[in-house]
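Listed below, chain by chain, are the residues.
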Amino acid sequence: MKDIEFTVESNIFLTKSVLELKLVASEQLPEIRCGQFLHLKVGGEFLLRRPFCIYKFDSHSVTLIVAVVGGGTRRIAEFKAGDKVKAVLPIGNGFTLGNEHRKILLLGGGVGCAPLVTVPLTYPDREYISYIGFANSEAVMFEKDFGAFGKTVLCTDDGSAGRKGYVTDVLREDVEKIKPDVILTCGNTPMLKAAARLSAETKIPAYMSGETRMGCGVGACLVCACAVKQKNGEIVNKRACVDGPVFSLEEIIL
Ligand SMILES: Cc1cc2nc3c(=O)[nH]c(=O)nc-3n(C[C@H](O)[C@H](O)[C@H](O)COP(=O)(O)OP(=O)(O)OC[C@H]3O[C@@H](n4cnc5c(N)ncnc54)[C@H](O)[C@@H]3O)c2cc1C
Ligand code: FES
C-alpha cells in the first residue's frame, strides 16, 4: 500500500451521473489484485479520502468508475486532464479464488460491476458467466467489458434493455442450469441481501464487496467496522478496509 501521485489523463461521463476517471502514475504501481480498491484524495474542504474500486489497471495506470452522489464525487467530476491527484493503493483483500472454483458467476449491480471486470485479469484460466443489472437502458454500462470474457446476461429493472427484473431474480431463474462453483458479487445492500439468500438456498458459495462507509482506509479508525459471523457462531467486528472489502456472504451480516 503506497501513496502515489497521479496525473488525470481523462475524466468522462459514461451516463448522466457516472464518470470514468483514468489516472496515470508518476511511478510503477505496486501489484494490484482483483477487488482491491484505492483511497483518493479529493482536495478542497474534503479532509477524508474517498474509496473507489479499481476498474482497470496496468503497471502505470488505474481507471475508476465514479457515481456522483455527494460533495466529494462532485469535486471529482471537476477533475481535468493534467490535474495532479494522490491515491493510496492497493487496499484490501480483494477477490480470492480457490483451485476448485473453475466456473465463476459474476453478479454486478450498477457501478458495483466495476471491480468484477478485474477478476479475469487476475484469474485468466477460469470460465466466466456474468449477470449485470441496471435500473434502465440509460444506466447500462460495461456490457462490452463482460462480453469480452464470457456469456453475459444484461438485466434492467424496467425491461428497457435485456431481461426485465432485478438481476438477482433473473439469476435465480437460471442458476440451477448454470451450476457455478462460486458467485462473486458487488452492488448495493438490497442486491447483496438477495444474493445472500440465493447463496444460502442453493449452497453455492458467494463472496461480496459492499458499501461500507470509510474513514482512514488503513485500519486505524474503525469507521468501517462490520459484523461478521464466525464458523463457531460468534459475531465479531471486522474492518472492511483491511480485513475486507471482500467477505463471504455466509459470514457478513448485512
Ligand atoms: C471499498 C469501497 C469501494 C467503492 N468503490 C466505488 C466505486 O468503484 N465507484 C463508486 O462510485 N463508488 C464506490 N464506493 C462508494 C464511494 O466511496 C462513495 O459513493 C463516495 O465516497 C461518496 O462520496 P461523496 O463525498 O460524493 O458523498 P457523501 O457526501 O459522503 O455522501 C453522499 C451519499 O453517498 C452515500 N455514500 C457515502 N459513502 C458511501 C459508501 N462508501 N458507499 C455507498 N454510499 C456511500 C451517502 O450515504 C450519501 O447518501 C466505494 C466504497 C467502498 C467502501
Ligand atoms: S476506514 Fe478506518 S479502520 Fe477502516
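Scope of this entry: the structure provided in the associated data block. (Residues numbered from 1 in each chain as written. Chains lettered and ligands numbered in written order. Predicted model: local features only at pLDDT ≥ 70, side-chain atom pairs only at ≥ 80, totals over all residues. Heavy atoms only, no water.)

Bringing unusual backbone geometry into the picture now. Cis geometry is found at the peptide bond from Leu 89 to Pro 90, where omega equals -15 degrees. Positive phi, close to 70 degrees, is recorded for Phe 142, a residue that is not glycine. Along the chain, the position of Phe 142 falls in the loop between β9 (127-134) and α3 (143-147). In this structure, Lys 203 takes a positive phi of about 65 degrees despite not being glycine. The topology assignment puts Lys 203 in the loop between α5 (189-202) and β13 (206-209). (Helix = DSSP H or I, 4+ residues; strand = E, 2+ residues; numbered from the N terminus.)

What follows deals with the site of ligand 1. Lining the immediate environment of ligand 1, one finds 18 residues, of which Pro 51, Ile 65, Ala 67, Gly 72 and Thr 73 sit closest. Interatomic distance of 2.6 Å between a backbone N/O atom of Pro 51 and an oxygen atom of ligand 1. A distance of 3.1 Å separates an oxygen atom of ligand 1 from a polar backbone atom of Gly 70. Protein contacts shield 76% of the accessible area of ligand 1, which totals 860 Å² for the unbound molecule. If you list the elements that add at least two residues to the shell around ligand 1, you get β4 (50-53), β6 (61-67) and α1 (71-77). (Near = heavy atom within 4 Å. Polar contact = N/O pair within 3.5 Å; in protein donor to acceptor, adjacent residues only side chain to side chain. Areas by Shrake-Rupley, 256 points an atom, 1.4 Å probe, with all protein chains shown as cover.)

So, about the nonpolar core. Counting residues in each nonpolar core, the largest one holds 32 residues, and the members touching the most others are Leu 105, Leu 107, Tyr 131, Leu 171, Phe 247, Leu 249 and Ile 252. Filtering out sequence-adjacent residues up to four positions away, Leu 249 remains in contact with Thr 185, Leu 192, Ala 195, Ala 196, Ala 206, Tyr 207, Met 208 and Leu 254. Listed in part, the 25 residues of the second largest apolar core include Ile 65, Tyr 123, Tyr 128 and Val 182. (Core = buried A, V, L, I, M, F, W, Y, C linked by side-chain atoms within 4.5 Å. Buried < 20%, exposed > 50% of the residue type's maximum accessible area, 1.4 Å probe, protein only. Contact = heavy atoms within 4.5 Å.)

This part takes up the sheet that holds strand β1 (residues 2-13). Spatially, the seven strands line up as an open sheet ordered β4-β3-β7-β1-β2-β6-β5, and their pairing is antiparallel. Only two strands of the sheet have a single partner each, and these edge strands are β4 and β5 (56-57). Inspection of the sheet shows strand β3 (residues 37-40) paired to strand β7 (residues 84-91) by three bridges, in the antiparallel sense. Opposite Leu 40, over in β7, you have Ala 87 as the bridge partner. (Pairing = 2+ DSSP bridges.)

This paragraph deals with the packing of aromatic side chains. In this structure the tally under the stated criterion is four aromatic pairs. With 5.7 Å between their ring centres and 70 degrees between their planes, Tyr 128 and Phe 149 make a pair best called edge-to-face. With a gap of 21 residues between them, Tyr 128 in strand β9 and Phe 149 in the loop between α3 and β10 (150-156) connect regions that are remote in the sequence. In this structure Tyr 128 comes out as buried when scored by relative accessible area, which is 4%. (Phe/Tyr/Trp six-rings, centres within 6.5 Å; stacked < 30°, edge-to-face > 60°.)

This brings us to the environment of Ser 130. Mapping Ser 130 onto the fold places it in strand β9. With a relative accessible area of 1%, Ser 130 lands in the buried category. When the C-alpha positions of Ser 130 and Gly 150 are compared, they lie 7.2 Å apart, and in sequence the two are 20 residues distant. In this view, Ser 130 contacts Leu 106, Phe 146, Phe 149, Lys 151, Thr 152 and Val 153; residues no more than four positions away in its chain are not counted.

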